[in-house]
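Geometric and topological summary
Each chain is listed here by its residues.
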Amino acid sequence: MMDNTPQRPVLTMKEISWFFFPLVLNVQLMSVSHSIINAALARVDDYVIALASFSVAMVVHLLFASPSYQNHTITIAIVRGKSSFRSMILCVVLIAIYVSTMLNLIAHTFWGDVLLQTILGVSPPVADGAKRVLALMALLPFFTGFRGFFQGLVIRARRTNLVSLATGIRIGALLFWLYLGQRWFNGPELGAFALLMCIVVETTMMGLFAWRCHIPLTDQNEKNTGEILRFAMPVAFSSGLQQTIPVVINAIISRLPDANLALASFGVIRALLFMLAGPMRNLQQAYLTLVEQPEDYAVLLRFFWWTSLGMALLTLGIAGPANQLIFDNIFGLAESLRRYIVLPLSLCAVFPLAYGVTNLLRAYFTATHHTVILGQATLVKFAYLLLCWLISLLIPLQIPGILLAIFLLTSSELVEAWFLRLRRVSKSS
């Protein structure tokens, strides 16, 4: 992708900012939607079970649905003409069918009890609530799949502000559906219903924006359906395996004395981390779209350091000075739950840095079409957590479950970054 002969003026911090920060706003707005759902569930009758059920269901959903969340990255890297455009649509549909089938199996068959109670070890009330959530979310993969496809087209056109606009509309729709959904639901299903309906609205808007962008299509460097699948499958496999990370972490902490409290707290913190560290994943899109020469990468790297530092400071601010304002006044969390998450959220300040490094390295291997390495890196990360799981089964742990969860989340990200860095150095040498 990069060439030693400059093809245009070197990328500037201003160009990166105009491209990157609308996508940051998109991630922030998406994370706000999950936090709004948590705030709504914190006000239902049995809020601990509701929060824990929705948290577990989201983890399971992402475990199977994560391949469709890479559609925007694959679209940016692959779609160039009408042939690849049609082939990508076929890929989106095939992935959505697979994901929807798996969610229905978990929600309606005994496999759900095997996964939730036997493997993850959650209590029967939490497992029952999670299955009700997954039943409602079985249609979601079709909408998230096409949303990612439309987002990729719009990002290629460098109209990232439209992505954020669609997500802003989604927030308004979410508030409406949460209000309306209280007529029919008073548990974790309320969150699933509102999430499904607001994403339907967002996907519709993204489709309209992609149609209006009039992206130029050429016949150069076209890939057929088979070639796209060979490129996409390692990316999808890596993305799917990434979502086993919170699943394994949930399985570890669900066997601790404070299991339900730890699961509920982990759901709240992961929603916040999605807002505070999630923007760093947009470094992949910035790299794939903007970096054309080595000098561009140096500027992007400098941008990454400043951005990750800002996210770390924001995390510390929310954990400390703004704790009561956000968790009590906005989220409506009980004081015991609010105090329980102060220290673990403070430790999350290092996570944006680790997550940003990983995404820069993932972008490099995606741009050079070495996507198999991405799957290898996630396997290493997964193996590390499996080892931690086995150790937790052999050695009884007497520490707060949420502290253990944050340690595992951060350390596993550092393990993946370390492996990718080693592979990049070996490729360069």
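What counts and what doesn't
- Residues numbered from 1 in each chain as written.
- Predicted model: local features only at pLDDT ≥ 70, side-chain atom pairs only at ≥ 80, totals over all residues.
- Heavy atoms only, no water.
- Helix = DSSP H or I, 4+ residues; strand = E, 2+ residues; numbered from the N terminus.
- Rg over C-alpha atoms; globule rule 2.2 N^0.38 Å.
- Buried < 20%, exposed > 50% of the residue type's maximum accessible area, 1.4 Å probe, protein only.
- Contact = heavy atoms within 4.5 Å.
- Lys, Arg positive; Asp, Glu negative; His and termini not counted.
- Charge placed at Lys NZ, Arg CZ, Asp CG, Glu CD.
- 1 Å grid on protein atoms, 1.4 Å probe; cavity = no way out; pocket = protein on both sides within 12 Å on 5 of 7 lines; lining within 4 Å.
- Points joined across faces, edges and corners; volume = space filled by probe spheres on them.
- Nonpolar A, V, L, I, M, F, W, Y, C, P; charged D, E, K, R; others polar.
- Salt bridge = Lys/Arg side-chain N within 4 Å of Asp/Glu carboxyl O.
- Phe/Tyr/Trp six-rings, centres within 6.5 Å; stacked < 30°, edge-to-face > 60°.
- Axes fitted to C-alpha atoms, helices over the stretch in contact; angles between N-to-C directions.
- Parallel < 35°, antiparallel > 145°, perpendicular 65-115°, else oblique.
- Left-handed = near helix turned anticlockwise from the far one by under 90°.
- Patch = residues over 30% accessible without salt bridge, like charges linked within 9 Å, V, L, I, M, F, W, Y side chains within 5 Å.
- Areas by Shrake-Rupley, 256 points an atom, 1.4 Å probe, with all protein chains shown as cover.
- Expected span 1.5 Å × (residues − 1).

1. Quick look at the overall build of the protein chain
The number of helices and strands found in the protein chain is 20 helices and 0 strands. Relative to a compact globule of 429 residues, whose C-alpha radius of gyration would be 22 Å, the protein chain shows 21 Å and is just as compact. By principal-axis analysis of the C-alpha atoms, the protein chain measures approximately 60 × 45 × 40 Å. Taken over 429 residues, the protein chain has a buried fraction of 58%. Once local pairs closer than 6 in sequence are excluded, the contacts in the protein chain between residues at least 24 apart make up 87%. Charged side chains of the protein chain number 29 positive and 19 negative; the gap between the two group centres comes to 5 Å.

2. Structural notes on the environment of phenylalanine 19
Its location among the elements puts phenylalanine 19 in helix H1 (residues 13-41). Given the relative accessible area of 4%, phenylalanine 19 is considered buried. Measuring from C-alpha to C-alpha, the distance between phenylalanine 19 and threonine 75 comes to 17 Å, with 56 residues separating the pair along the chain. Once residues lying within four places of it in the same chain are set aside, the contact partners of phenylalanine 19 are Ile155, Thr160, Gln285, Ala286, Thr289 and Leu290.

3. Quick word on empty space enclosed by the protein
Scanning all chains against the criterion turns up 2 cavities of 30 Å³ or more. The computed volume of the second largest cavity comes to approximately 30 Å³. Around the second largest cavity sit Gln70, Thr73, Val235, Gln284, Arg362, Thr366 and Leu374, which together line it. Per-class residue counts for the lining of the second largest cavity are 2 nonpolar, 4 polar and 1 charged.

4. Here's the deal with the pattern of salt bridges
A complete count under the given rule lists 7 salt bridges for this structure. Across the pair glutamate 202 and arginine 147 runs a salt bridge whose closest N-O atoms are separated by 3.0 Å. Of this pair, glutamate 202 sits in helix H9 (residues 189-213) while arginine 147 sits in helix H7 (residues 140-156), and the two are 55 residues apart along the sequence. Assigned by exposure class, glutamate 202 and arginine 147 land together as buried.

5. Here's the deal with the packing of aromatic side chains
Within the structure shown, the criterion is met by 10 aromatic pairs. Between the aromatic rings of phenylalanine 149 and phenylalanine 150, the centroid separation amounts to 5.8 Å while the plane-to-plane angle is 45°, which identifies the pairing as tilted. Among the residues examined, phenylalanine 150 registers a relative accessible area of 19% and is labelled buried. A ring pair is formed by tyrosine 287 and tyrosine 297, whose centres lie 5.7 Å apart and whose planes are at 75°; its orientation type is edge-to-face. Of this pair, tyrosine 287 sits in helix H13 (residues 283-290) while tyrosine 297 is found in helix H14 (residues 294-319), placing the two residues 10 residues apart along the sequence. Both residues of the pair, tyrosine 287 and tyrosine 297, belong to the buried class. Members of the aromatic cluster, joined through ring pairs, are Phe176, Trp177, Trp184 and Phe193.

6. With respect to the packing of H13 against H14
At a closest axis distance of 11 Å, the pairing of H13 and H14 adopts a crossing angle of 160°. What the angle tells us is that H13 and H14 run roughly antiparallel. Crossing geometry of H13 relative to H14 is assigned as right-handed. Two secondary-structure elements touch here, H13 through Leu283, Ala286, Tyr287 and Leu290 and H14 through Asp296, Tyr297, Leu300 and Phe304. Grouping the amino acids of the contact of H13 with H14 by side-chain chemistry returns 7 nonpolar, no polar and 1 charged.

7. Here's the deal with the environment of leucine 256
Take leucine 256: it is sitting in the loop between helix H11 (244-253) and helix H12 (259-276). On the basis of relative accessibility, which here comes to 10%, the residue leucine 256 falls in the buried class. As a C-alpha pair, leucine 256 and glutamine 398 span 142 residues in sequence and 7.7 Å in three-dimensional space. Those residues in contact with leucine 256 that sit more than four places away from it in its chain are Leu397, Ile399, Gly401 and Leu404.

8. Considering a nonpolar patch on the surface
A grouping of Leu387, Leu390, Ile391, Leu393, Leu394 and Ile395 is seen on the molecular surface, where their side chains present a nonpolar patch of about 620 Å² in accessible area. Structurally, the position occupied by leucine 394 is in helix H19 (residues 372-394). Residue class for leucine 394 comes out exposed when judged on its relative accessible area of 71%.

9. Topic: the packing of H13 against helix H18 (residues 351-367)
It is the contact of H13 with H18, at a shortest axis distance of 8 Å, that shows an interaxial angle of 35°. Note that H13 runs across H18; the crossing there is right-handed. For the pair formed by H13 and H18, the contact residues are Leu283, Gln284, Tyr287 and Leu288 on the first element and Gly356, Asn359, Leu360, Arg362, Ala363, Tyr364, Thr366 and Ala367 on the second. Tallied by class, residues from the contact of H13 with H18 come to 7 nonpolar, 4 polar and 1 charged.

10. Observations regarding the side chain of lysine 131
Counting through the fold element by element, lysine 131 comes out in helix H6 (residues 124-136). For lysine 131, the residues in contact, after removing those within four places along its chain, are Ile106, Ala107, Thr109, Asp113 and Leu116.

11. Side note on the environment of isoleucine 391
Residue placement: isoleucine 391 occurs in helix H19. Taking the C-alpha atoms as reference points, isoleucine 391 and isoleucine 95, 296 residues apart in sequence, are found 35 Å from one another.

12. Considerations on H7
In this model H7 runs 24 Å from its N-terminal to its C-terminal C-alpha over 17 residues, within 8% of the 24 Å that 1.5 Å per residue would give. Burial within H7 is extensive, with 13 of its 17 residues counted as buried.

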